[in-house]
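Here are the chains, one letter per residue:
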Amino acid sequence: MVRILFVAAEAAPLAKVGGMGDVVGALPKVLRKLGYDVRIFMPYYGFLPDKMEVPDKPVWVGNAMFQTFQVFQAVLPGTDVPLYLFGHPSFSQRRVYYGEDEDWRFTLFANGAAEFVWNYEWKPDILHCHDWHTGMLPVWMHQSPDISTIYTIHNLAYQGPWRWRLEQMTWCPWYMQGHNTMAAAVQFADLVNTVSPTYAEQIKTPAYGETLEGLLSFISGKMRGIVNGIDTERYNPEKDRYIMEPFGVDTIERRAPNKIALQEEVGLEINRGAFLMGIVSRLVEQKGLDLIVQMLPQFLGFTNSQLIVLGTGDRYYETQLWEMAGRFPGRMSVQLLYNDALSRRVYAGCDAFLMPSRFEPCGISQMMAMRYGCVPIVRQTGGLVDTVSHNNPATDSGTGYCFDRYEPLDFYTAMVRASEAYRFPDKWQRLQQRGMRQNFSWEKSAVEYVRMYKEVLGLPLDEPVVTAADELAVAPPVATQPSTDKPAATK
Ligand SMILES: Nc1ncnc2c1ncn2[C@@H]1O[C@H](COP(=O)(O)OP(=O)(O)O[C@H]2O[C@H](CO)[C@@H](O)[C@H](O)[C@H]2O)[C@@H](O)[C@H]1O
């Protein structure tokens, strides 16, 4: 059976700050069903014992960067995916990112992962690395021809902090890109992918390449674009115990109480007819926050619409939104926090979801919104192009509202068109149902990942990888931990 180790800083539901956590938490369990022995290696953050049982005894003790670390083996809650936790005091605080030592502790983490795969009894055939935190692994793995590497770019904008210090820590000279772990991985990984076909093309241009467009164009032969899925088991409006009233595509009339409950919960006027818009996001420039700050006061001023924002991020946007909410009491609510349960209630209660991103590698939130019958209003960029299509009431087609240019008025027009369409309940309901019927499950995208794994191992693409004997023992017997749907720590 092919063995794959995912190395990442996040894995939902244990540690999730954004979409990468969703991917690393959901894809391995689907791949295991397809017959691959997939495991995860991630840091042992200080808040993990609140969410799961971690054994006291490590399965392995190693050394890297003159430090001793321990590796604990557990199981990702709600799945059968074995989880290796990298234990070192630098991760014992209750945070995932930020801090003065961000560069150092993630370099240590990547070093620890390398030592682990070189020396531990279970050896992967493929090391699947995610984002800058794990970027040096493909460089170091060049001394191990028996281990292939795949690198997934979730967000090109984050290429690692304090690069001059990174170079001193990675012990890799400039031609190995020791100062920029994202570039290092792109250059040295056997295959590279990003999380949607459109973004895979866009990042070869200066507008989206974040200064790596030259390198990305150069390696385009080994570059793939695979659209993300969502965890349709965890995020299922028919069974979600965090929402007021479960509903499905054929029982969409049962969705209405969720809107009233949400209005009540976040302090909005109870108004069944108001056009309720939602945002669940990291509050950063990428997500089009400047368009929101510019246009929402006008839109709220001229219509009877309402807005709820759930997110954390840049202090500037947090302050702007907070100040705006003060100008629209009962019409706008800002929740500056990370809360998975509330995010589900926003998806289930709002009429529309705003995502006017400046750039978007894929985007998970718009898919979650559609799954919960919330109509996305998005800018046509990156993965939003691949997952949302424009509503055409004449032909009853499309799943949301899309605009093209990153201009306040274009965004405004899209919101006006959506709020006008909302006045026709039957058509609006059919639009919601079209979104809910989309197949965003990981099963579809997992097949494309399998193709990549076969390609990197040099296996024939049209033949199954697993042998009959393997199929009988699809996964090693590991106990399944009960699911903890507790939200992760704030950023
Ligand atoms: N305050 C809050 N409370 C609760 N939940 C919150 C929250 N803020 C955000 N979330 C959740 O975090 C996830 C956000 O995922 P996205 O993919 O939309 O964006 P992100 O930019 O983080 O991911 C990056 O990586 C992913 C994965 O590849 C790409 O899809 C994306 O384009 C790229 O920018 C969603 O599951 C959302 O519900």
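Scoring rules and cut-offs
- Residues numbered from 1 in each chain as written.
- Predicted model: local features only at pLDDT ≥ 70, side-chain atom pairs only at ≥ 80, totals over all residues.
- Heavy atoms only, no water.
- UniProt positions renumbered as here; feature names shortened; annotations may be inferred.
- Helix = DSSP H or I, 4+ residues; strand = E, 2+ residues; numbered from the N terminus.
- Buried < 20%, exposed > 50% of the residue type's maximum accessible area, 1.4 Å probe, protein only.
- Polar contact = N/O pair within 3.5 Å; in protein donor to acceptor, adjacent residues only side chain to side chain.
- Pairing = 2+ DSSP bridges.
- Axes fitted to C-alpha atoms, helices over the stretch in contact; angles between N-to-C directions.
- Salt bridge = Lys/Arg side-chain N within 4 Å of Asp/Glu carboxyl O.
- Near = heavy atom within 4 Å.
- Areas by Shrake-Rupley, 256 points an atom, 1.4 Å probe, with all protein chains shown as cover.
- Nonpolar A, V, L, I, M, F, W, Y, C, P; charged D, E, K, R; others polar.
- Domains from an automatic or database assignment.

1. Thoughts on the UniProt feature "binding site: ADP-alpha-D-glucose" (unreviewed entry) in the chain
- UniProt's entry tags K16 with the feature "binding site: ADP-alpha-D-glucose" (unreviewed entry), counted in the numbering of this structure.
- With respect to the helices and strands, K16 occurs in the loop between β1 (3-7) and α1 (19-33).
- For K16, a relative accessible area of 11% corresponds to the buried category.
- A polar atom in the side chain of K16 sits 3.5 Å from the side chain of Y235.

2. Description of the sheet that holds strand β9 (residues 223-225)
- Read from one edge of the open sheet, 9 strands run β3-β4-β5-β2-β1-β6-β7-β8-β9, paired in mixed fashion. Edge positions in the sheet fall to β3 (60-64) and β9, since each of these pairs with one other strand and no more. Averaged over all adjacent pairs, the angle separating strand axes in this sheet is 25°, with direction ignored.
- Bridge count for β1 against strand β6 (residues 126-130) is 4 bridges, and the pairing is parallel. Bridging from a neighbouring strand, V7 pairs with C129 of β6.

3. Quick word on the pattern of salt bridges
- Under the defined criterion, the tally for this structure stands at 27 salt bridges.
- E360 is paired through a salt bridge with K287; the nearest N and O atoms lie 3.0 Å apart. Of this pair, E360 sits in the loop between β13 (352-355) and α12 (365-371) while K287 sits in the loop between β10 (276-283) and α9 (289-302), placing them 73 residues apart in sequence.
- Of the charged contacts in the structure, one is a salt bridge between D396 and R434, with a shortest N-O distance of 3.4 Å. With a gap of 38 residues between them, D396 in the loop between α13 (383-387) and β15 (401-403) and R434 in helix α15 (residues 425-437) connect regions that are remote in the sequence.
- One connected set of salt bridges, linked through shared partners, spans K29, K33, D231 and E233.

4. Structural notes on the site of the ligand
- Every one of the 31 residues lining the ligand counts as a neighbour, but D22, H154, R282, E360 and G363 are closest to it.
- Take Y347: an N or O atom from its side chain is 2.7 Å from an oxygen atom of the ligand.
- The separation between an oxygen atom of the ligand and a polar main-chain atom of P361 is 3.4 Å.
- Here the ligand has 720 Å² of accessible area as a free molecule, and 97% of this is covered by the chains.
- Secondary-structure elements contributing two or more residues to the shell around the ligand are α1, β10, β11 (306-313), α11 (340-349) and α12.
- Of the residues belonging to the shell around the ligand, the class tally is 13 nonpolar, 12 polar and 6 charged.
- Both of domain 1 (3-229 + 441-470) and domain 2 (249-436) provide at least three residues apiece to the shell around the ligand.

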